[in-house]
Amino acid sequence: MTSLDRWVRADGKRPVTVAGRAASSTNRRTWSSHAAVCESTAGDGMGVMLGGGLGCYDLDGCLIDGHLTDEARRIIDTITAPILFTEVSVSGRGLHIFTAEPESKAAQGAWGGHYSFGRFIRTTGIRFTG
């Protein structure tokens, strides 16, 4: 994932460029390399733009005391795309499961959503291995 030039800084839940201007999930000219984003001090964090083969299952409220809920395990078991990285979300109560997959329409449920195009996901880099 870090080799993709799909990275931006974050200001809260809003994507911004390394210079601190608004970034767009559909305008790659506002994106940067992972290294450039790590060097920037704009905003208060970082994130990645989905698409171009990168998708994400955004599971809300699926961690209780650091352990997966049964519903989350069932959802994860249905993922057929190769999983690239799984991290704990900013809230500490959810997961981002990044996958290698073609672009498609978003799907949402009570558990969160599955996105693979035109979406910004704020990242933490906190690996989840459970």
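Residues numbered from 1 in each chain as written. Predicted model: local features only at pLDDT ≥ 70, side-chain atom pairs only at ≥ 80, totals over all residues. Heavy atoms only, no water.

(A) Seen up close, the overall build of the chain. A count of helices and strands for the chain gives two helices and 11 strands. Counting helices and strands in the order they occur from the N terminus, the chain gives β-β-α-β-β-β-β-α-β-β-β-β-β. Compactness check: the chain gives a C-alpha radius of gyration of 14 Å against a globular reference of 14 Å for 130 residues, within 12% of the reference. Residue burial in the chain is summarised as follows: out of 130 residues, 45% are buried. Relative to all contacts within the chain whose residues are 6 or more apart in sequence, the contacts with residues 24 or more apart total 66%. In the form shown here, the chain has an accessible surface area of approximately 7,100 Å², with 49% of it arising from carbon and sulfur atoms. Of the side chains in the chain, 14 bear a positive and 13 a negative charge, and the two mean positions are spaced by 6 Å. (Helix = DSSP H or I, 4+ residues; strand = E, 2+ residues; numbered from the N terminus. Rg over C-alpha atoms; globule rule 2.2 N^0.38 Å. Buried < 20%, exposed > 50% of the residue type's maximum accessible area, 1.4 Å probe, protein only. Contact = heavy atoms within 4.5 Å. Areas by Shrake-Rupley, 256 points an atom, 1.4 Å probe, with all protein chains shown as cover. Lys, Arg positive; Asp, Glu negative; His and termini not counted. Charge placed at Lys NZ, Arg CZ, Asp CG, Glu CD.)

(B) Representation of the pattern of salt bridges in the model. Counted according to the given criterion, the structure contains two salt bridges. A salt bridge links Asp11 to Arg14, with the shortest nitrogen-to-oxygen separation between them at 3.2 Å. Given a relative accessible area of 36%, Asp11 falls into the partly exposed group. Measuring nitrogen to oxygen at the nearest pair gives 2.9 Å for the salt bridge that ties Asp44 to Arg122. One end of the pair, Asp44, is in the loop between α1 (34-39) and β3 (45-49); the other, Arg122, is in strand β11 (residues 120-123), with 78 residues separating them in the sequence. (Salt bridge = Lys/Arg side-chain N within 4 Å of Asp/Glu carboxyl O.)

(C) Representation of the packing of aromatic side chains in the model. Enumeration according to the criterion identifies zero aromatic pairs in this entry. Above the face of the Tyr115 ring, Arg119 is positioned so that its terminal group lies 3.9 Å from the ring centre. (Phe/Tyr/Trp six-rings, centres within 6.5 Å; stacked < 30°, edge-to-face > 60°. Lys NZ or Arg CZ within 6 Å of the ring centre and 35° of its normal.)

(D) Local environment of the state of the cysteines. With the rule as written, the count across this model stands at zero disulfides. With no disulfide of its own, Cys56 lies closest to Cys62 among cysteine sulfurs, the gap being 11 Å. Under the relative-accessibility criterion, Cys56 is labelled buried at 0%. (Disulfide = S-S within 2.5 Å.)

(E) Local environment of the nonpolar core. In this structure, Tyr57, Leu59, Cys62, Leu63, Leu68, Ala72, Ile75, Ile79, Val88, Leu95, Ile97 and Phe128 together form the largest nonpolar core, which totals 12 residues. Those residues in contact with Phe128, other than ones at most four positions away along the chain, are Leu63, Gly66, Leu68, Thr86, Glu87, Val88 and Leu95. Ranked by size, the runner-up nonpolar core spans 11 residues in total, among them Trp7, Val48, Leu54 and Phe98. (Core = buried A, V, L, I, M, F, W, Y, C linked by side-chain atoms within 4.5 Å.)

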